[in-house]
Amino acid sequence: MIKMKKISFNDNWEYRHLHSEENWTEITLPHDAMFCEKRSAESKGGRNVAWFEGRDYEYRKKFDTPDAVPRSHVFAEFEGVYHDARIYMNNKQVEYRPYGYTQIITEIGDYLSPYEKNEIRVEAVNSDQPNSRWYSGAGIYRPAWLYISEGDDYIVPYGIKIRTISHDPARIEVSVVTSGEGEVSVSIFDPDGSEIVSGKTASTHSYDEISENEVRKVNKATTTIDIENAQLWSAENPVLYRAVAKFGDDEAETTFGIRSLKWGSVSGLTVNGERVILRGACIHSDNQLLGAASYPEAEERRVRLLKKAGYNAIRSAHNPCSSSLLEACDRLGMYVLDEYADMWYTHKLKYDYAGTMMNWWHQDLHDMVDKDYSHPSVIMYSIGNEVTETCEERGIELVGEMTDFLHGLDLSRPVTCGVNIMLNILDSMGKGIYSNEKAAENIQPDSGQKSDALKNLSGSELFNRLAGRIGRRSIKAGAAIRLGDAVSRDAYEKLDIAGYNYGIDRYEKDLKKYPHRLILGTETFCSDAYRFWEMAKNEPRLVGDFVWAGMDYLGETAIGACEYPDYADAEDASGWIAAGSGRLDLTGQETGEALYTKVALEQERGPYLCVHPVYETGEHTTSPWKMTDAMPSWSWKGCNDMKARIEVYTRADVVELFLNGRRVGGTNHVRDGVATFKVPYEDGWLQAVTYDRDGNEMGAVSLTTAGDEDVLHLIPESDEAGAGKLAFLHIRYTDADGIWKPMHYHAVHVSVDNGSLVALGNACPYNPNGFLEDTTSTYYGQALAVVRVGDSGITTVNAEDTEGQKDSYQIKIVDDQQ
């Protein structure tokens, strides 16, 4: 048996600006070319893209013809190229794909030269700014692969598709797409690697609908397999099996989970027959300090951190996620809502995907399903985000067409769409913030961060700024007015699950009016977590909630920022790099909001005790997308007698607060899981004790002021890393007992022996210097270093600050790490 080879195609690439005479720069994929550009107030993408300049790029790679028989078939796959990608093989264009978030697979075997080195070249466009409402990155930002078959009989890439028919008894359907007709055999291996069942079937002609005008002939074999004593996959029990398919001289494999999914008005959303409430977090596609580059280790880290924070679901906002993210969700146990696009036929920005989407959405959805189909983590598709077309006749028809098309590709998963009812109301009144005419004007954000001029803004920039003024309560109340039903009901009728962005005030009335409607909070405020959970526990048709956002992200700068003047220059717009909206910050640290969410969603009992930074330098900025900037520290030396604002996160009825043994506060007014206090700060020991309504103590938590000693620590997230893989090390100031010192603001230099520094930075959303230098300032006493370890032995990471404090850490390099 000769297995189709899937080999990494990531090494030995070069890139430069397109149509330039620059020297080529050697790089390894994945690579975010935009991350290397300068940031300035002249950036046409503005704060949407963190003020990076947009340019066009070309990549090239020279390679020998793979060793194979003359009749070989060779495919190149690029998991993501942003955007308008053109692929050339030995100077002949072999593929074009406009969308920047779906995989591209093209056969290049016929273009290979057996006599000399081959050159594959990829062009990526990103000078057409503005084209994205968030930081998109640019270039070949996801991995690339080469598939090589040594004959005419082969299984096509993504050709094995597995779905669970039932979990009791455990029965799966396996479909295998092949290059021709013939016998296909399938073997299933359990989590221990033992073969447990096998079967054979014939591959015959069938037809695959690509669009309403295009039908492709394919060869497909389909068989049903029963699995005895099956271990079921769920977010709590992510057990994976392996399927191996053989056709002719070819062999291919994939992992899968045995996981049944049902949805309905009686039981809500069920996994393996048990009701599941989605505790979800929205994420963008960037990897924070790494830019848009989709490193598998970074994708897995993000899933691991969000799961630790109490979430069981991720919404890929607002584009299809990477394969690496799905693989991590499969392994670690995380449900996924994969989303298609942020715009349909109405532009939100002058050069966004709306100009092309209507010609490509069939292919795009087909590609998304190809990628997602066998992943048990994927439990739902979303066809769009805040597309106000959902209140127009043409758009409502499109909702039905896209939903039906997805059902034709995959009947095993429901379809939703994130509808912002308030935006639909404005659109129906002729006051919509999105239109092709407004986008064509290409109105840019003002250069200052605090301008009062809303009239010169358009699109999401106007909405974000307006939302900051009227507050989250007004946004939710606006969605709840009577007109909100009329501008959303027709679209919701064509979806399996109705997606509400910031619409929690409508839940009860809509559940009552529409007894068969399932509701999903596709985008929500952090402060609504407690209220949502209390409603969802008693209402199966409320299937879940996705907070904006699970982890802070690049672009949309400062929409969730909560900064004091000592960390940010409010007049320097281009110094802002991130949104400042995340339950996890840019470095992956849990914020006070993350601790609140754990209590609100009953993932941890608590209590948690957090304190707003104790400063006399003025009030911080506010945002609907930032519930609080409180953090678990009572180390604010030099701030004695200043006002300290304290929050306790608990499900208790009564909270008492003690400072250095004195009772300084008590309340039985715990609102949605939060009790608040204001006391004069003094160094020492702060404690909160919680009680139930009968006076029984439920829990206690305390914070202690750090001592005078200053200690610089390098704290790795793991003591080992796979050869050539990424390692993440936190930089933190503490006292001699390890108590965090958030008031330490120092410059720290990082160096690496037997490895390289990939990124270095802190969590502050204001960062003029970016993350590609070897020195960073700390933010509330913390920072993060991302290191690529060597190929063997030990990688040593060294940190030293301007005060002479030092630390180093040795990371063991292992052969393989998942």
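Residues numbered from 1 in each chain as written. Predicted model: local features only at pLDDT ≥ 70, side-chain atom pairs only at ≥ 80, totals over all residues. Heavy atoms only, no water.

**Topic: the overall build of the chain**
Here comes step 1: Scanning the chain for helices and strands turns up 12 helices and 44 strands.
Here comes step 2: A compact globule built from 818 residues should have a C-alpha radius of gyration of about 28 Å, and the chain, at 27 Å, falls within 12% of that.
Here comes step 3: Here the analysis covers contacts within the chain between residues at least 6 apart in sequence; of these, 71% occur between residues at least 24 apart.
Here comes step 4: With the model as given, the accessible surface of the chain reaches about 31,300 Å², and the carbon-plus-sulfur share is 44%.
Here comes step 5: A distance of 4 Å separates the average location of the 84 positive side-chain charges in the chain from that of its 128 negative side-chain charges. (Helix = DSSP H or I, 4+ residues; strand = E, 2+ residues; numbered from the N terminus. Rg over C-alpha atoms; globule rule 2.2 N^0.38 Å. Contact = heavy atoms within 4.5 Å. Areas by Shrake-Rupley, 256 points an atom, 1.4 Å probe, with all protein chains shown as cover. Lys, Arg positive; Asp, Glu negative; His and termini not counted. Charge placed at Lys NZ, Arg CZ, Asp CG, Glu CD.)

**Focus: the pairing of strand β29 (residues 608–611)**
Along any regular strand, the residues point their side chains to alternate faces of the sheet.
Here comes step 1: Neither face of β29 is open: one carries Tyr 608 and Cys 610, the other Leu 609 and Val 611, and all of them are buried.
Here comes step 2: Two strands pair when backbone bridges link them, and β29 and strand β30 (residues 643–649) are joined in this way by four bridges, in the antiparallel orientation. By the bridge assignment for β30, Leu 609 is matched with Val 648. (Buried < 20%, exposed > 50% of the residue type's maximum accessible area, 1.4 Å probe, protein only. Pairing = 2+ DSSP bridges.)

**Notes on the pairing of strand β11 (residues 155–167)**
Here comes step 1: Of the pairings in the sheet, the one linking β11 to strand β12 (residues 170–178) comprises eight bridges and is antiparallel in character. Residue pairing in the sheet places Ile 160 in a bridge with Val 176 of β12.
Here comes step 2: From the end of β11 to the start of β12, which pair antiparallel, there are two residues.

**With respect to the nonpolar core**
Here comes step 1: Grouped together as the largest cluster of nonpolar side chains are 195 residues, with contacts concentrated most on Trp 13, Tyr 59, Phe 78, Leu 278, Trp 344 and Trp 634.
Here comes step 2: If we ignore the near neighbours within four places in the chain, the residues touching Trp 13 are Thr 25, Glu 26, Ile 27, Leu 29, Tyr 59, Arg 60, Lys 61, Phe 78, Ile 120, Val 122 and Ile 140.
Here comes step 3: Within the second largest apolar cluster, 21 residues are counted, among which are Ile 155, Ile 162, Ala 252 and Ile 258. (Core = buried A, V, L, I, M, F, W, Y, C linked by side-chain atoms within 4.5 Å.)

**Comments concerning the sheet that holds strand β42 (residues 782–789)**
Here comes step 1: Reading across from one edge, β36-β38-β42-β40 is the order of the four strands in this open sheet, with antiparallel pairing throughout. Looking at the sheet topology across the chains shown, the edges are occupied by β36 (711–716) and β40 (755–761). Averaged over neighbouring strand pairs, the angle between their axes works out to 25° when direction is ignored.
Here comes step 2: Contacting β38 (726–734) and β42, helix α1 (residues 296–308) runs over the sheet at an angle of about 55° to β38. (Axes fitted to C-alpha atoms, helices over the stretch in contact; angles between N-to-C directions.)

**Some details on the packing of α1 against helix α2 (residues 323–332)**
Here comes step 1: Taken N-terminus to C-terminus, the directions of α1 and α2 make an angle of 45°; their axes are 8 Å apart at the nearest point. With respect to α2, the axis of α1 lies oblique. In the crossing of α1 with α2, the sense of the turn from one axis to the other is right-handed. Contacts between α1 and α2 involve Pro 296, Glu 299, Glu 300, Arg 302, Val 303, Arg 304 and Lys 307 on the former and, on the latter, Ser 324, Leu 325, Ala 328, Cys 329, Arg 331 and Leu 332.
Here comes step 2: Here the contact of α1 with α2 is composed, by residue class, of six nonpolar, one polar and six charged. (Parallel < 35°, antiparallel > 145°, perpendicular 65-115°, else oblique. Left-handed = near helix turned anticlockwise from the far one by under 90°. Nonpolar A, V, L, I, M, F, W, Y, C, P; charged D, E, K, R; others polar.)

**Some words on the side chain of Asp 56**
Here comes step 1: Position of Asp 56 relative to the elements: it lies in the loop between β3 (25–27) and β4 (57–63).
Here comes step 2: Buried charge without a partner: Asp 56 forms no salt bridge, and the closest opposite charge is Arg 55, 7.3 Å away.
Here comes step 3: Only 2.9 Å separates the side chain of Asp 56 from the backbone nitrogen of Ser 127, close enough to count as a polar contact.
Here comes step 4: If sequence neighbours within four positions are ignored, Asp 56 has contacts with Arg 16, His 17, Leu 18, Ala 124, Val 125, Asn 126 and Ser 127. (Salt bridge = Lys/Arg side-chain N within 4 Å of Asp/Glu carboxyl O. Polar contact = N/O pair within 3.5 Å; in protein donor to acceptor, adjacent residues only side chain to side chain.)

**Considering the packing of aromatic side chains**
Here comes step 1: Scanning all chains against the criterion turns up 33 aromatic pairs.
Here comes step 2: Pairing Tyr 567 with Tyr 745 gives two aromatic rings, centres 5.2 Å apart and planes at 70°, and the pair type is edge-to-face. A residue pair is termed long-range when its members are at least 10 positions apart, and Tyr 567 in the loop between β28 (542–547) and α12 (592–600) and Tyr 745 in the loop between β38 and β39 (747–753) qualify at 178 residues.
Here comes step 3: Take Tyr 745: its relative accessible area is 46%, and that puts it in the partly exposed class.
Here comes step 4: In textbook terms, an aromatic cluster arises when at least three aromatic residues are bridged by ring pairs, as seen for Tyr 82, Tyr 99, Tyr 101, Tyr 141, Tyr 340 and Tyr 353.
Here comes step 5: Residue placement shows Lys 6 over the ring face of Trp 145; its charged tip is 4.6 Å from the ring centre.
Here comes step 6: One Lys or Arg, Arg 394, reaches over the ring of Tyr 345 and ends 3.8 Å from the middle of that ring. (Phe/Tyr/Trp six-rings, centres within 6.5 Å; stacked < 30°, edge-to-face > 60°. Lys NZ or Arg CZ within 6 Å of the ring centre and 35° of its normal.)

**Some remarks on the packing of helix α3 (residues 354–372) against helix α4 (residues 393–409)**
Here comes step 1: Contact geometry for α3 and α4: axes closest at 10 Å, N-to-C directions at 30°. By the angle between their directions, the pair α3 and α4 is classed as roughly parallel. Of the two possible hands of crossing, α3 and α4 adopt the one that is right-handed. Residues Met 357, Met 358, Trp 361, His 362, Leu 365, His 366 and Val 369 of α3 touch α4, and the partners they reach there are Arg 394, Leu 398, Glu 401, Met 402, Phe 405, Leu 406 and Leu 409.

**Details of the confidence of the model for the chain**
Here comes step 1: Mean pLDDT over the chain: 92, with 92% of residues reaching 70 or higher.
Here comes step 2: Counting interchain partners and residues more than four positions distant, the pLDDT-below-50 stretch residues 444–454 has 32 contacts. (pLDDT = per-residue confidence, 0-100.)

**Let's talk about the environment of Arg 662**
Here comes step 1: Along the chain, Arg 662 falls in strand β32 (residues 662–667).
Here comes step 2: Placed 424 residues apart in sequence, Arg 662 and Pro 238 show a C-alpha to C-alpha distance of 48 Å.
Here comes step 3: Look past the residues within four positions of Arg 662 in its chain and what remains in contact with it is Leu 657 and Glu 682.

**Concerning the pattern of salt bridges**
Here comes step 1: Applying the stated rule across the entire model yields 46 salt bridges.
Here comes step 2: Linking Arg 331 and Glu 300 is a salt bridge whose minimum nitrogen-to-oxygen distance equals 2.2 Å. One end of the pair, Arg 331, is in helix α2; the other, Glu 300, is in helix α1, and 31 residues separate them in sequence.
Here comes step 3: On the basis of relative accessible area, Glu 300 is assigned to the buried category, the value being 12%.
Here comes step 4: The salt bridge partner of Glu 656 is Arg 663, with a shortest N-O separation of 2.7 Å.
Here comes step 5: For Glu 656, a relative accessible area of 18% corresponds to the buried category.
Here comes step 6: Bridged by salt links that share partners, the residues Arg 16, Glu 58, Arg 121 and Glu 123 form one connected network.

**What about the sheet that holds strand β24 (residues 378–385)?**
In a beta sheet, neighbouring strands pair by backbone hydrogen bonds and run either parallel or antiparallel.
Here comes step 1: Read around the barrel, eight strands follow the order β21-β22-β23-β24-β25-β26-β27-β28 and close on themselves; strand pairing throughout is parallel. With direction set aside, neighbouring strand axes in the sheet form an average angle of 25°.
Here comes step 2: Note: strand β21 (residues 278–283) against β28, four bridges, orientation parallel. Its bridge partner lying in β28, Leu 278 is registered against Gly 544.
Here comes step 3: Here helix α11 (residues 529–538) sits on the sheet in contact with β21 and β28, set at roughly 160° to β28.

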